Amino acid sequence: MALRNVITTLNQDGTEIMGPGILMYHYPHNDIMNGSLLTVENNHFCVLKSRGAVLDVYETGQYPVQTPQRPLLGSIQQSFYGGQSPWQYEALFVSRAKSVAKAQGLALSRELAELVYDVDYYVHVDSKEDAVKLVTHMPYSGHVLTADAVNAYAGPVVEQSVNQLVQITPLEQVNERIHEITELVRGHLQDFLSIYGIMLNDVKVLIRPRDERMRELISLRAFGLSEHEAVRYYVAMKMAEHGLLSAPNMACGEPFNIGITAAAMGALAGLPGLPDVNGGGVHAAPAHPAHAVQPSLHPGA
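Quantities reported herein were computed from a predicted structural model and do not represent experimental measurements.

## As for the nonpolar core
By size, the foremost hydrophobic cluster in this structure holds 43 residues, and its most contacted members are Val119, Tyr121, Val162, Ile181, Leu193 and Ile207. When residues in this core are grouped by element, the largest group, eight residues, is from helix 3 (residues 147–166). When sequence neighbours within four positions are dropped, the list of residues in contact with Leu193 reads Tyr121, Val123, Val150, Ala154, Ile198 and Leu200.

See the structure below:
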């Protein structure tokens, strides 16, 4: 009895080839023939093709491969053709598990300030019909189709969706409209991916200023500070990082005086030898009692 080839996504050591991020795996060997056993795991579909045409789509289970006309038995094929079948078969395994794709890029606010966006979206293939769409319409390189490769097609759609709202929104109000932006990205992305049989499950959008200084200023504004106060506190924090003693004065908006301050001058006002804070010149020192003129005790003096 001839041994039948087993077509599977498992390695020799039992590990799974289709790990996270792999949406489709093309069986790389040319040994699929009549009678081969096709093994489909519980989170996969398998699309069987012959010379480019889709023959069947399989769900979880093990199935013997049946040629349409079966002119030769599999054992005769192996012996006569040296293991190479003249009837070319391809097995493409499609993952039913959820995969995550990440899109990143730049957007411009209404003031033309640069913003960085990060979009994480979760996808999966839901049905046998969707598996056929993916195999038919989505090009791939080598023997695998990854979530990153899908994102190469979907990235421009995400970029257009994000910029559609961000470009008409002031910088400080972008995050207030994050829900609207997320729903817009979700709608455009689902319409695009459905062509390839890919179901969109969830979308997460994060937008932040590209410039670190602008990000910190907006954070200070979130505490209720005015634009002037936010700039003043930002400068004060930078001064404190460099150990400058005048940082608290910058935060409070007060001048920094080296030496005797105005308050100290007021307390010392009136002392001899110090300038008059009221603009009255320098106080003269009073005469010493020993040097004062004493009245004469003699009448004729």
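## Side note on the pattern of salt bridges
Under the criterion given, the structure shown has eight salt bridges. Lys102 is the salt-bridge partner of Asp120, the closest N and O atoms lying 3.4 Å from each other. Of the two residues, Asp120 is situated in strand 9 (residues 114–124) and Lys102 in strand 8 (residues 99–108); the sequence distance between them amounts to 18 residues. Exposure remark for Asp120: the relative accessible area of 21% places this residue in the partly exposed category. The closest approach of N and O atoms between Asp202 and Arg186, which form a salt bridge, is 3.8 Å. Placement of Asp202 in strand 11 (residues 199–209) and of Arg186 in helix 4 (residues 178–193) is noted, with a sequence separation of 16 residues between them. On the basis of relative accessible area, Arg186 is assigned to the partly exposed category, the value being 24%. Within the structure, one salt-bridge network assembled from shared partners comprises Glu183, Arg186 and Asp202.

## Comments concerning the environment of Lys133
Along the chain, Lys133 turns up in helix 2 (residues 128–137). Judged by its relative accessible area of 36%, Lys133 falls in the partly exposed class. Sequence separation between Lys133 and Gly197 is 64 residues; the distance between their C-alpha atoms is 5.0 Å. When residues no more than four places from it in sequence are discounted, the contact partners of Lys133 are Met138, Ser194, Ile195, Tyr196 and Gly197.

## Examining the packing of aromatic side chains
Evaluation of the coordinates by the stated rule reveals four aromatic pairs. An aromatic cluster is present here, built from Tyr153, Phe192 and Tyr196 joined pairwise through their rings.

## A few points about the side chain of Ser161
Relative to the elements of secondary structure, Ser161 occurs in helix 3. Ser161 gets classed as buried once you look at its relative accessible area, which sits at 1%.

## Observations regarding the confidence of the model for the protein chain
In the predicted model, the protein chain carries a mean pLDDT of 81, and 77% of its residues have values of at least 70. Within the protein chain, helix 4 carries the highest mean pLDDT (96), whereas helix 1 (residues 74–81) carries the lowest (50). For residues 70–74, every residue scores under 50 in pLDDT, and the model assigns this stretch nine contacts once sequence neighbours within four places are set aside. Note on residues 290–294: pLDDT under 50 across the span, and one contact to partners over four residues away in sequence or across chains.

## Considering helix 6 (residues 227–241)
In a regular helix each residue adds 1.5 Å, so 15 residues correspond to 21 Å; helix 6 covers 21 Å between its end C-alpha atoms and thus fits that length. All of the buried residues in helix 6 are Ala230, Arg232, Tyr234, Ala236 and Met239. If you follow the buried residues of helix 6, they end up packed against helix 5 (212–221) and helix 7 (247–252). Positive phi shows up at Gly243, right after helix 6, with a value of about 75 degrees.

Definitions and cut-offs
- Residues numbered from 1 in each chain as written.
- Predicted model: local features only at pLDDT ≥ 70, side-chain atom pairs only at ≥ 80, totals over all residues.
- Heavy atoms only, no water.
- Core = buried A, V, L, I, M, F, W, Y, C linked by side-chain atoms within 4.5 Å.
- Buried < 20%, exposed > 50% of the residue type's maximum accessible area, 1.4 Å probe, protein only.
- Helix = DSSP H or I, 4+ residues; strand = E, 2+ residues; numbered from the N terminus.
- Contact = heavy atoms within 4.5 Å.
- Salt bridge = Lys/Arg side-chain N within 4 Å of Asp/Glu carboxyl O.
- Phe/Tyr/Trp six-rings, centres within 6.5 Å; stacked < 30°, edge-to-face > 60°.
- pLDDT = per-residue confidence, 0-100.
- Expected span 1.5 Å × (residues − 1).

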